[in-house]
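# Observations on chain architecture
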Amino acid sequence: MPIEGLGQIDQVYDGSGLKIGIVHARWNDKVINALVEGAQSQLKKMGVKSENIEIMSVPGSYELPFGTKTLAKAASFDAIISIGVLIKGSTMHFEYIADAVSHGLMRLQEELNIPVIFGLLTCLTELQAEERAGITENGHNHGVDWGSAAVEMATKWNNARK
Ligand code: RBF
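Residues numbered from 1 in each chain as written. Predicted model: local features only at pLDDT ≥ 70, side-chain atom pairs only at ≥ 80, totals over all residues. Heavy atoms only, no water.

## Regarding the site of the ligand
Under the convention used in this document: A molecule or strand has a residue near it when one of that residue's heavy atoms lies within 4 Å. We call two N or O atoms a polar contact when they sit within 3.5 Å, provided that within protein one can donate a hydrogen and the other can accept it, with sequence-adjacent residues counted only if both atoms are side-chain atoms. All accessible areas in this document rest on Shrake-Rupley with a 1.4 Å probe, and a residue is counted as covered only by the protein chains that are shown. Only DSSP runs of H or I reaching four residues or more are called helices, and only runs of E reaching two or more are called strands; each is numbered from the N terminus.
In the vicinity of the ligand, the contacting residues are Trp27, Asn28, Gly60, Ser61, Tyr62, Glu63, Val85, Leu86, Ile87, His93 and Ile97. A distance of 3.3 Å separates an oxygen atom of the ligand from a polar atom in the backbone of Ile87. Protein chains bury 67% of the 540 Å² of accessible surface belonging to the ligand in isolation. For the shell around the ligand, the secondary structure elements donating two or more residues are strand E3 (79-87) and helix H3 (93-112).

## Observations concerning the confidence of the model for the protein chain
In plain terms, the rule: pLDDT expresses how confident the predictor is about each individual residue, on a scale running from 0 to 100. Contacts: residue pairs with any heavy atoms within 4.5 Å of one another.
Summarising the model, the protein chain shows a mean pLDDT of 94, and 95% of its residues fall at 70 or more. Across residues 1-5, confidence stays below pLDDT 50; counting only partners more than four residues off in sequence or on other chains, it has six contacts.

## Observations regarding the side chain of Ser61
Operational definition: Each residue is placed in one exposure class: buried if its accessible area under a 1.4 Å probe, protein chains only, is under 20% of its type's maximum, exposed if it is over 50%, and partly exposed if it falls in between.
With respect to the helices and strands, the residue Ser61 is situated in the loop between strand E2 (53-58) and helix H2 (64-74). Residue Ser61 is classed as buried on the basis of its relative accessible area, which comes to 4%.

## Re the sheet that holds E2
Quick reminder of the rule: Only when DSSP finds a minimum of two bridges between them are two strands counted as paired. Under this scheme, a helix contributes an axis fitted over its contacting stretch, all axes are lines through C-alpha atoms, and angles between N-to-C directions fall in the 0 to 180 degree range.
Read across the open sheet, the four strands follow the order E2-E1-E3-E4; overall the sheet is parallel. Two strands in the sheet have a free side with no partner beyond their single neighbour: E2 and strand E4 (116-123). Neighbour to neighbour, the strand axes of the sheet diverge by 15 degrees on average, direction disregarded. Where strand E1 (residues 20-25) lies against E2, six bridges are found, and the strand directions are parallel. Along E2, the bridge assignment pairs His24 with Ser57. In the packing of H2 onto the sheet, contacts are made with E1, E2, E3 and E4, and the angle to E1 comes to roughly 150 degrees. Across the sheet, helix H5 (residues 142-161) touches E1, E3 and E4, and the angle it forms with E4 is around 155 degrees.

## A look at the environment of Met92
Note on placement: Met92 falls in the loop between E3 and H3. By relative accessible area, which is 47% here, Met92 ends up partly exposed. When the C-alpha positions of Met92 and Gly147 are compared, they lie 31 Å apart, and in sequence the two are 55 residues distant.

## As for the pairing of E1
Note the following rule: We call a crossover right-handed when, viewed with both strands directed away from the observer, the connection leading from the first strand over the helix to the second proceeds clockwise.
Within E1, six of the six residues are buried, which leaves the element mostly enclosed by the surrounding structure. Covered by surrounding structure in E1 are Ile20, Ile22 and His24 together with Gly21, Val23 and Ala25, the residues of both alternating faces. One crossover worth recording links E1 to the parallel E2 by way of helix H1 (residues 29-45), and it is right-handed. With five bridges joining them, E1 and E3 adopt parallel strand pairing. Considered in E3, the bridge of His24 is made with Ile83.

## Examining the nonpolar core
Rule in force here: Throughout this description, the term nonpolar core refers to a set of buried Ala, Val, Leu, Ile, Met, Phe, Trp, Tyr and Cys residues connected via side-chain atoms within 4.5 Å.
Ranked by size, the top nonpolar core spans 28 residues in total, and within it Ile20, Ile22, Leu35, Leu43, Ile81, Ile83 and Val85 carry the most contacts. Within the residue set of this core, elements represented by two or more residues are E1, H1, E3, E4 and H5.

## Examining the pattern of salt bridges
Short version of the rule: When a carboxyl oxygen of Asp or Glu lies within 4 Å of a side-chain nitrogen of Lys or Arg, that pair is called a salt bridge.
Applying the stated criterion to the full structure yields six salt bridges. In this structure, Glu130 and Lys30 form a salt bridge, with 3.3 Å as the shortest nitrogen-oxygen distance. Note that Glu130 is positioned in helix H4 (residues 126-132) and Lys30 in helix H1, a separation of 100 residues in sequence. Among the residues examined, Lys30 registers a relative accessible area of 53% and is labelled exposed.

Here it is in structure tokens:
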């Protein structure tokens, strides 16, 4: 039976030997804080040691690809989670930033040769964002899923390279 929001889990992964980075934007900070907290607590739940979780912030989502690259160059990470929250406004910024960041992060994981976990919420309203950060009554914190995805992908990629 799949757990809601987590998809079908194929096995339990052990993150105790992994070093994971989190890069997050600071726009929409209430939602961001909940997502980062969710990702961090899931990493720890899966065995990643606190000292092996490094967090860096950037001003906004547009800076996520470059921030992720900067963190990746600073140390040897097994995976990096990039977290941002875009909320649609009345101009076209949402479409341009969402498109640029999605492509930027996808390209980056090939360039860096480590998993880059896509933690960008692209929401039409603030309420949608809050629901996806688990801060409304029936919400679910997607940061938790991103923590799980980081440990799974880092483990699979490390095994494939052995
Ligand atoms: N960054 C976000 O992370 N989320 C947003 O919802 C967001 N909205 C923006 C709206 C406008 C009109 C502009 C100009 C920027 C916005 N940004 C947002 C900031 C953007 O990602 C970036 O930090 C700045 O444009 C500086 O490069």
